[in-house]
Amino acid sequence: MAKKTKQSRNSTVNALEDLGKNILSQIKKGKNPEIAIPIRALSNIEFDEKSKMVSLGNKVSARYFFHIAHAKKFLQTVEVAAVSHNLLREDKHASLRDVFYMIKRTIPGTKANIVDEQSESDSVIEDLELITDHSREQLNINANKNGSVAGKVIIEDKGDTIDWSKLGSGGWSIPSNVEEIKFKKVTAQYVLYMEKAAVWERLHEDKFWEKQKCIIMSSQGQTTRGIRRLLQRLSSEYKLPIYVLCDNDPWGAYIYSVIKYGSINLAHISGKMAIPSVRYLGITCDDIEKYKLEKHGIKLKDTDLARIKQISEYTWFKDNKAWQKQFKMMKQSKIKLEIQALSSRGISFISNVYLPEKIKNKEFID
Amino acid sequence: MAKTIADELAKKQQSISVSEFFTKNRHLLGFDNPRRALLTAIKEAVDNSLTEDMPIVIREDGNFKIIKIGGLIDSYFDKNKGEKFILRDGNLEKLKLKNNIEAISFDPKTLKVQFKKISYLYRHKPNSPIFRMKLETGRYVDLTPYHSVFTIKEGNVCSVKLSDLTVGDYIIVPRKEWGKKLPIIKEINLIEELLRLEPELTAKINVYNVSNIFTKEIIKQLKELLPKDKQYRVNDFKKMSYIPLNLLRKLIITLDELDDTLIGYSLSRNKIPSLIKVDNNFAQLMGFYLAEGSTLSNLEKVYFSFGSHEKEMIVYTKDLIYKVFKIKASSISAHDSAVNICCYSKIFAFIMKYILQFGMNAKSKTIPGIIFNMNKNNRYDLLLAYLAGDGYPSKDIFELIKTKRYISSLPVQKITSATISSELFTKLQYLLSSLGLNYNTGFSKSKTRYLSGIEAKFSQSYYLYIYTNQKNSNINKLPISDSIVSHNDCQLRHRIKIHNQNGIYRDTLIQQNNNTMLLYKNINLFLDSDLGVLRIKDIKEISYNGKWVYDISVPEAENFLAGIGPIFCHNSLDACQEAKILPSIKLVMKQLQEDRYYISVEDNGPGIVKKQIPNIFAKLLYGSKFFTMKQQRGQQGIGISAAVLYSQLTTGKSAKITSKIGKNHPAHYYELKIDTKNNEPEIVVDKEVQFDSDHGTKIELEMEAIYQKGARGVDEYLKQTAIANPHAEIIYIDPEGKTIIFPMATKELPKESKEIKPHPHGIELGIFISMLSSTKTKNLSSFLTNDFIRISGPNAKKLIEEAEMKVTMKPNSLNSDQAEKLYKIIQKAKIMAPPTNCLSPIGEEALQKSLEKEVPAEFFASVTRPATVYRGNPFVIEAAIAYGGQLEQEGPIKLLRFANRVPLQYQQSACAITKSVIDTNWRNYNISQSKGALPQGPIVVAVHMASVWVPFTSESKEAVAHYPEIIKQIKMALQECGRKLASHIRKTVRVREQKERASLFEKYIPEIASALSNLTKEKKDNITDKLNKILKKSLKNLLPEELEEKDGEKDKTKQK
């Protein structure tokens, strides 16, 4: 294992050094140095019907140093590469925030900082993944912990044995890198992933995972890489069905599609993340009718409607009749529904009635 | 509107004295405190041809004419009575020409002679003696002393007033031929010409040889034209192949079908072709006619008288008559030494008298305009034939005709000819000039001589001397002093010194080499031009009985050819704006005591006639521009008299006025006070004095005042006045004795504003009522149509009937209710907007130039909006903006407000201009502005409103009233300026940012080098060096592009 890690580390170091050498040779030739970066945008995204995965196309953009619009980004890229190079050599890990502070400083003689916001360094890190063809984790950069899990599972992490069913009210918090976790015992029958931490807490309090023999998992908002990787491992290593519970709005639908097919931003690592077998449990537009929740809906805003239009045209939704029907119903009803709206029918309606019924009747959307 | 307030105030307070009125209302009049009083007083003070028988050459709708200027202009004034502008109490009339009339003028740039369109005709009452300027060859022109002709000065052609000329000065005349610029006619269609005459004249003329015209259609037409009992005549016409001319008039027929016809008198044997070729035969025949021909006024015959020895010429002429008119003339010996060639042809005589018009006898001979439409050779033929008849050496000249040679081949030095027709004498000079031939003239009075013991009376005659060697003509001489800067030719020096030589031949100048003479720079242009010079022989006053003197305006060229013998005259009117003298104003201020100042204001304007001086300066509310709808500068408040009164009330001193109206007029000096009880001038001193300038007015006042600098001070007022009057020069001597000169920004005078009658929508009820009672018209209908613009007769009738009144009612018979009713109906009615061409804006370019002169900014933009109308008053808004440079960076912008070129310095917040600036969203143009406030930044905004009637909020005339139309126009002008400014600001900001960023590369290099060195183990310094080299190389490619872009933009704004 240790050997394997070292090999991977060497390959990453080499990739970073190749980048440096490439730039240097351009400089020595007296050329305006450039870095080629695959474009991460919808225009360069391909959806593979067979594998049901989002992947990156071949379009590449050049980032120049002597270019007023590029110079700063170019500098940031090289800076991050150097930071990562140091981390790898010293065998240390840094968080995204660490990296931000490691490169953030004012350039002498100017009022300009190398980076002003963490989003800038985060984005450069993603670029660097593409440039070096090594993932963030391989670059020894970790995201912050995010998300909780509970259920009938026992794992081993860095030598510690952890039982996900015995961690009190907080559950286990999911690290950003789950590659080195070992599953020791998995007795759950399915995984329920939800968009809202508050809903997770509700289900946890009701011991839903115990009654239903499942794993409940959540993040706050967008699903992090750690969670997606953990879900994928549970799906591929233990063949557990994964069900997703989101708000009934276009943003919820996109969260589902990211887990299922991959994201536009991280299309280059879809292979490690996407879980084509994942199913959407709710909330659906049909639920609104079925459980008479119209009164508890929130009126759609212009931005919501625009988003519906946008995602309904994404390749992976475009030919999906069930989803097109959902979008159509959303537009017609002009309301969206949060998961918590189910509480209007009683605080434990979700754990006692809604979810068991749904799962029992297999009311999923693919 | 403000005027109404003043009127009402005055009326209400008639019972109290003017001084009381003044004291009570001084805040309205701009005299509310000593500081403002000083400014107001200064503002009040600061603001404020040819004779008829001179021939002029014109082309009227393409036809050439030499016509007396008086006759020409009077006829146009008569034809267009309603359209003339009457200015200066009827002393000046002006008419815009719609017809296509051109004058001969020279292009001031190229000095080439050309035809140029005449735009305006003027005539004004003679207000000065008339002088005759005679040149060395005898050409002369009669003009007023302030009318200009042209001279040559240091190589340049420039205009100079007659009053500034003396004997010996050189005057510009045409030197080269100009006739080739005229259209050529090749034939005269006599039928066409006859048809133009009155039918009574042509009753007995028939057209013959017309068999081919009698088509069925024509016969039908003829039968319809003739009464039933005369219809049989159609058969006669057909049989005899003729038709009466007056019947032809009524037929629908093209004249082309009558080409091969003849014309003749009914029952007369002699017929002549209806188509006369204008060729050398025709030209020569007419030349002989001019010299020897006559036509009897009873049309019995045309005859030519020759000396009996001129046998050859007699035969030649008879031949010509046959060739041209197909008439066989007979020779009759008149007496021993004379032979007459007689043509007893009534039709020939008729044609000579009514159509060709060469004159009937020796005294009335003339050259008709048609001759100038002949080609050069034919004009030359006519001249030679004339000279062969009337000139000496006759025989030699006749030889020239036969052998087709030029006069330069004559064995004599000059040709002499004499005529008793002054008309012919003048026209011959133009004919010679059109051919580029130079000549001299002479004159002999009528006298009685005894020839062989017999008393013979010789009438007065005019002589022409034509030089066979044209090169030696005086016209080819130029003034030495204005052609040559310096020379080292000792012969020439000797001739100048000993023989007083002051002329030099063109050829000498052309052939000189640069080693011996240094010529004035532009003299070569002149040598190459169509112009020559002749010296003034004398200038003397003549008596003149004409009602008017005349002038024409030829745009661009500003000159025209006129005179007895062609001379270029400048088109000019008398004084100042109208006289095109650039205004100059001199202001002197002295502190006498702590709160007492002396001010004197002197201008170079037209001056004020003596009897008007006391009224203008010492009578309140006199001479206001009531009812005159013309954009005028000045006349602030209620007039200069208010300043005089203020001076009188605060110091007890009288005002001192000096005025002079022209060079030959005395300067009048008055010391005046106002009789405050009766509002009448009180003359303290009245005498004639010396005055430095030819014309102008000077006023001196003493007054209680506080002198302060700053935004509302005199200095700022003058600066702003200079901005709004780029064509004026202001000289200011301040109380500290410092001289400040505000120079002119442009030498171009503003377009003259025109006077228009009021528009019915532009007047208040009060004014309407007083117009009703004071009108000169006899009935309501003519009151509405004559005293207002844009009300037509039918319209007036409609309006009056709508008000249930009669068109015949006397205007002053309306009671106030009726007047109000009519007024309201008129206000509601749709009436066409007034014309807007009567305004005189400063002009985009001039406004920007003068702002550039007075404001130290880096960017300027200006705009003149199209003229529009508010409440029936036309107006124009102009705006200009200055930005950056040395202007104050912080604080609100500086706003300059102008109305009819006068700065408005008080009541900024009440003014529509201020409101418009505040209401404009300046943030759109990258300029900061808080809500409801003036924008902020290094900016000067100038707004000018030009109108026949600027609506002020009060009588002190410091703020423009809030009319939505006005505010809209101001905002649009500001927006246009704002857009130009915004693009400038964006450009400068972008260029600055890009430069900053370029320098950022330098700062980035060490950073990237250390990171790269980290990755690659390459030495940091190596990387830094390499990158710096690349930067230097690419900077060259990066920067010039941006700089060029900036320059391009600068040019653009300049162009605009």
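Residues numbered from 1 in each chain as written. Chains lettered and ligands numbered in written order. Predicted model: local features only at pLDDT ≥ 70, side-chain atom pairs only at ≥ 80, totals over all residues.

### A short note on the overall build of chain A
Within chain A, the secondary structure is distributed over 14 helices and 17 strands. Across the 366 residues of chain A, 41% fall into the buried class. Once local pairs closer than 6 in sequence are excluded, the contacts in chain A between residues at least 24 apart make up 71%. (Helix = DSSP H or I, 4+ residues; strand = E, 2+ residues; numbered from the N terminus. Buried ≥ 20, exposed ≤ 12 C-beta atoms within 10 Å, placed from the backbone. Contact = placed C-beta atoms within 7 Å.)

### Quick notes on the interface of chain B and chain A
Counting residues at the interface gives 21 residues for chain B, matched by 26 residues for chain A. Those elements giving two or more residues to the side of chain B that touches chain A turn out to be α28 (964–1016) and α29 (1020–1055) of chain B. In terms of residue count, the dominant contributor to the side of chain B that touches chain A is α28 of chain B (13 residues).

### Some words on the nonpolar core
Nonpolar side chains in soluble globular proteins tend to end up buried together. Residues and elements named next belong to chain B. In terms of nonpolar packing, the biggest core is built from 134 residues, with Ile56, Ala103, Ile171, Ile172, Phe348 and Leu384 touching the most fellow members. Ignoring any residue separated from it by four or fewer positions in sequence, one finds Leu384 in contact with Gly287, Ile397, Leu400 and Ile401. Counting residues in each nonpolar core, the second largest holds 106 residues, with Ile613, Ala728, Leu896 and Trp922 among its members. (Core = buried A, V, L, I, M, F, W, Y, C linked by C-beta atoms within 7 Å.)

### Quick look at helix α2 (residues 71–90) of chain A
All names here are of chain A. An ideal rise of 1.5 Å per residue puts 28 Å on 20 residues; α2 measures up with 29 Å between its terminal C-alpha atoms. With 17 of its 20 residues buried, α2 lies for the most part within the structure. The positive-phi residue at the C-terminal boundary of α2 is Asp91, with phi of around 55°. (Expected span 1.5 Å × (residues − 1).)

### Points about the sheet that holds strand β21 (residues 330–335) of chain B
Residue and element names in this part refer to chain B. Ordered by their spatial adjacency, four strands build an open sheet running β19-β20-β22-β21, and the pairing between neighbours is antiparallel. The sheet is open, and its two borders are formed by β19 (293–295) and β21, each paired with just one other strand. Neighbour-to-neighbour, the strand axes of this sheet turn through a mean angle of 30°, independent of strand direction. Where strand β20 (residues 302–307) meets strand β22 (residues 338–343), six bridges bridge the pair, whose relative direction is antiparallel. The residue of β22 that forms the bridge with Ser305 is Asn340. The sheet strands contacting helix α10 (residues 311–325) are β20, β21 and β22, and the helix crosses β22 at an angle near 5°. (Pairing = 2+ DSSP bridges. Axes fitted to C-alpha atoms, helices over the stretch in contact; angles between N-to-C directions.)

### Notes on the packing of α2 of chain A against helix α4 (residues 118–132) of chain A
Residues and elements named next belong to chain A. Two numbers describe how α2 lies on α4: the axes approach to 9 Å, and their chain directions differ by 75°. The angle between α2 and α4 places the two elements in the roughly perpendicular class. Contacts between α2 and α4 involve Gln76, Thr77, Val80, Ala81 and Ser84 from the first element and Glu120, Ser121, Val124, Ile125, Asp127 and Leu128 from the second. When grouped by side-chain class, the residues that make up the contact of α2 with α4 number five nonpolar, four polar and two charged. (Parallel < 35°, antiparallel > 145°, perpendicular 65-115°, else oblique. Nonpolar A, V, L, I, M, F, W, Y, C, P; charged D, E, K, R; others polar.)

### Points about the sheet that holds strand β8 (residues 130–135) of chain B
In sheet architecture, strand pairing relies on hydrogen bonds along the backbone and comes in two forms, parallel and antiparallel. All names here are of chain B. Spatially, β9-β8-β33-β12 is the arrangement adopted by the four strands of the open sheet, whose pairing is antiparallel. The open sheet terminates on both sides in strands that have one partner only, identified here as β9 (140–143) and β12 (170–174). Averaged over neighbouring strand pairs, the angle between their axes works out to 40° when direction is ignored. Here β12 pairs with strand β33 (residues 531–542) via five bridges, running antiparallel. Counterpart to Pro174 in the pairing with β33 is Leu531.

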